[in-house]
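Residues per chain, in single letters:
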Amino acid sequence: LAPCSGHGGKRAVRPRGGGPSPGSAAWSARMACARSVASWAPGRGFPSGRCRRRGGNRGVVARCSASSSTVSSPYPEGDWRNEALAASLSDEGRKHREAAGRNHTYALKLAYDGEAYLGFQYQPKGKTVQGEVERALTKLTGHDREFLGMQASGRTDTGVHARGQILHFYTKEPVSDFERFHKSLNGIMPKDVRCVEVMRPHPAFHARFHAIRKTYHYFLDPRLVLDPFVRRHALHCGWKPPSVERLREAAAVFVGTHDFTSFSNKSSDKTLVRSPTRTIYRFDVVEQPDGLIRLEVEGNGFLYRMVRNMVGALMLAATGEDGKFTAEDLRDMLEGKDRGVAPMGAPPHGLFLHEVVYPAELLEWEPEEGITLSS
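The structure presented is a predicted model; accordingly, all values stated were derived computationally and were not measured.

Criteria and thresholds
- One numbering rule holds for all chains: residues counted from 1, following each sequence as written.
- Selection of residues for local features in this predicted model requires a pLDDT of at least 70, selection of side-chain atom pairs for listing and counting requires 80 or more, and totals for whole chains, interfaces and linings are taken over all residues.
- The basis for the side-chain values is all heavy atoms of the structure; hydrogens and waters are excluded.
- For Phe, Tyr and Trp, where Trp contributes only its six-membered ring, two rings pair if their centres lie within 6.5 Å, and the inter-plane angle classes them as stacked under 30 degrees, edge-to-face over 60, or tilted in between.
- Secondary structure counts use DSSP, requiring at least four H or I residues in a row for a helix and at least two E residues in a row for a strand, with both numbered from the N terminus.
- Burial classes follow relative accessibility: with a 1.4 Å probe on protein chains only, a residue under 20% of its type's maximum area counts as buried, one over 50% as exposed, and anything between as partly exposed.
- A ring is considered to have a charge above it if a Lys NZ or an Arg CZ atom is located within 6 Å of its centre and within 35 degrees of its normal.
- Whenever Lys or Arg places a side-chain nitrogen within 4 Å of a carboxyl oxygen from Asp or Glu, that contact is recorded as a salt bridge.
- We call a set of buried residues a nonpolar core when its members are Ala, Val, Leu, Ile, Met, Phe, Trp, Tyr or Cys and they connect through side-chain atoms within 4.5 Å of each other.
- In this description, contact between two residues means that some pair of their heavy atoms is separated by no more than 4.5 Å.
- The predictor attaches a confidence to each residue, called pLDDT, with possible values from 0 through 100.
- Interaxial angle, 0 to 180 degrees, is taken between N-to-C directions of lines fitted to C-alpha atoms, where a helix line uses only the stretch in contact.
- Every angle not falling under 35 degrees, over 145, or within 65 to 115 is termed oblique; those three ranges are roughly parallel, roughly antiparallel and roughly perpendicular.
- Note: crossing handedness is left-handed where the near helix turns anticlockwise from the far helix by less than a right angle, and right-handed where it turns clockwise.
- Residue polarity follows a fixed list, in which Ala, Val, Leu, Ile, Met, Phe, Trp, Tyr, Cys and Pro are nonpolar, Asp, Glu, Lys and Arg are charged, and the others, Gly among them, are polar.
- Here, expected helix span is obtained from the residue count minus one, scaled by 1.5 Å.
- Contacts described as polar in this section are N or O atom pairs within 3.5 Å, which, within protein, must combine one atom able to donate a hydrogen with one able to accept it, while residues neighboring in sequence count only if both atoms come from side chains.

*Asks:* What is the right way to read the packing of aromatic side chains from this model?
*Replies:* Any aromatic ring pair is given by two values, namely how distant the centres are and how the planes are angled relative to each other. Overall, the coordinates contain 10 aromatic pairs when judged by the stated rule. Taken together, a centroid distance of 6.1 Å and an interplanar angle of 35° make the contact between phenylalanine 254 and phenylalanine 283 tilted. With phenylalanine 254 in helix α7 (residues 244-254) and phenylalanine 283 in strand β9 (residues 277-287), the pair connects residues that are 29 residues apart, well separated along the chain. Across this residue pair, the class does not change: phenylalanine 254 and phenylalanine 283 are buried. Grouped by ring-pair contacts, the aromatic residues Tyr106, Phe169, Phe178 and Phe181 constitute a single cluster. Lying over the aromatic face of tyrosine 122, arginine 145 brings its terminal NZ or CZ to 3.7 Å of the ring centre. Across from the ring centre of tyrosine 281, 4.0 Å away, lies the NZ or CZ of arginine 213, which sits over that ring.

Structural data, given as structure tokens:
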């Protein structure tokens, strides 16, 4: 297997062979393990038991570069994701998967160039990243997209890229050879979409509902001459380079827990009702050796086009005349909760979904001692 970057290059060893059949003793033992995790409730932390990573030669599902968290309660008190996690780990969630024949859960880490796609989410009449991945998985598993039940950590927009998009899907039969599956998947998908890693998480893992935090990177090219090899992945602003100091002052305004109504667009999905309150843990401005500027923003979640809108505001504060638009003006916009007065968002081609973090107990799960799974 290819080295797993989450382990500093060590090889991730995954068990192989025949998997337990529903109703068998091995299956019952596996479900006992799942039920022990299902006893989790918000604020209590996860049971230690055997639903955690173990070393040794028997084979483990290694921690992947989709980062995992070891906090006892993965989400803040009152966060809707606490209920979503408890529901998916419950016996009811297990029975629902079994009834649908979704006996095995797998996760993929994807990297893709979003220039040629109408975003990640599947569209019946447009080319999307999800559509390409589902097409490849259908060929490999024989399941249609409805059975696969693919869900990603988030929907990247048209033209947005990713280095660490995480998704999950289901199969009826186990994957018998991870290395072959990984190579075949990349062999079928277009070259601008790559599977970086194949993982076996907890059976109840959900890429969207279980994410604890995400990190996005936005790249600026402040050099006078446009680099033709960078132009599709960084916003060229050499005609009026931003002040790095002012970028940092403006970025600091967004750090903390705020109502981000002023910096989010309305989603086309009218059924989606979400709280506008989000927490930004850090918003760093990094000057790279090659001359590019990398904006790194990490938060517990992001609203529709929130990152691009924040970057657009940062650029206005960092490139305008001194005193014309300041960090304090940005703070007033944030507190005003009015999208109509905030600046236009930055274009999509400089934005990358860099990393998604999940509870360690969901990514580092393995069955009880003595039970050998085929994947």
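Next, the rest of the story.
*Asks:* Any chance you could explain the pattern of salt bridges here in plain terms?
*Replies:* Inspection of every chain in the model, using the stated rule, returns 16 salt bridges. Salt-bridge contacts for glutamate 132 lead to arginine 135; the nearest nitrogen and oxygen are separated by 3.0 Å. Linking glutamate 132 with arginine 135, this pair stays in helix α4 (residues 129-141), spanning 3 residues, or about one helical turn. By relative accessible area, glutamate 132 is classed as buried at 15%. Note that arginine 305 is salt-bridged to aspartate 157, the shortest N-O span being 3.5 Å. One end of the pair, arginine 305, is in the loop between β10 (293-299) and α8 (306-319); the other, aspartate 157, is in the loop between β3 (151-152) and β4 (161-171), with 148 residues separating them in the sequence. Overall, the relative accessible area of 17% leaves aspartate 157 in the buried class. Through salt bridges with shared partners, one network takes in Arg213, Arg282, Asp284, Arg294, Glu296 and Glu298.

*Asks:* Mind showing me how you'd approach the nonpolar core here?
*Replies:* Within soluble globular proteins, side chains that are nonpolar generally end up buried alongside one another. Counting 79 residues, the largest nonpolar core has Val133, Leu295 and Met310 as the members making the most contacts within it. When residues of this core are assigned to their parent elements, the largest contribution, 9 residues, is made by α8. Residue contacts for methionine 310: discarding those within four places in its chain leaves Phe254, Phe260, Phe263, Phe283, Val297 and Phe302.

*Asks:* Help me understand the confidence of the model for the chain, please; the structure alone is not making it clear to me.
*Replies:* Regions with low pLDDT carry predicted coordinates that are not meant to be interpreted in detail. Taken over all residues, the pLDDT of the chain has a mean of 80, while the share at 70 or more is 76%. Per-element confidence in the chain ranges from a low mean pLDDT of 38 for helix α1 (residues 25-38) to a high of 98 for β10. Overall, residues 1-65 carries pLDDT values under 50, and its contacts beyond four positions in sequence, including any with other chains, amount to 147 contacts. Every residue in residues 370-375 scores below 50 in pLDDT, and together they form 30 contacts with partners more than four places removed in sequence or on other chains.

*Asks:* Please clarify how the packing of α7 against α8 should be interpreted in this entry.
*Replies:* Helix packing geometry: the angle between the two helix axes and the distance between the axes. Relative to each other, α7 and α8 sit at 140°, their axes nearing to 8 Å. As the angle between them shows, α7 and α8 are arranged oblique. Of the two elements, α7 crosses α8, and the hand of that crossing is right-handed. For the pair α7 and α8, contact is made by Arg246, Leu247, Ala250, Ala251 and Phe254 and by Met310, Leu314, Ala317, Ala318 and Thr319, respectively. Residues that form the contact of α7 with α8 fall into these classes: 8 nonpolar, 1 polar and 1 charged.

*Asks:* Just to check I follow, could you spell out α4 for this structure?
*Replies:* Note on helix geometry: an α-helix contains 3.6 residues per turn, so any two residues three or four positions apart are oriented the same way. Between its first and last C-alpha, α4 extends 18 Å over 13 residues, near the 18 Å set by a 1.5 Å rise per residue. Listing the buried residues of α4 in full gives Val129, Gln130, Gly131, Glu132, Val133, Glu134, Ala136 and Leu137. On the buried face of α4, the contacting elements are β2 (104-112), α5 (145-148), β4, α6 (178-188) and β5 (193-199). The backbone nitrogen of glycine 131 lies 3.0 Å from a side-chain oxygen of the residue at the head of α4, namely threonine 128. Backbone geometry just downstream of α4 places glycine 142 in the positive-phi region, at approximately 85°.

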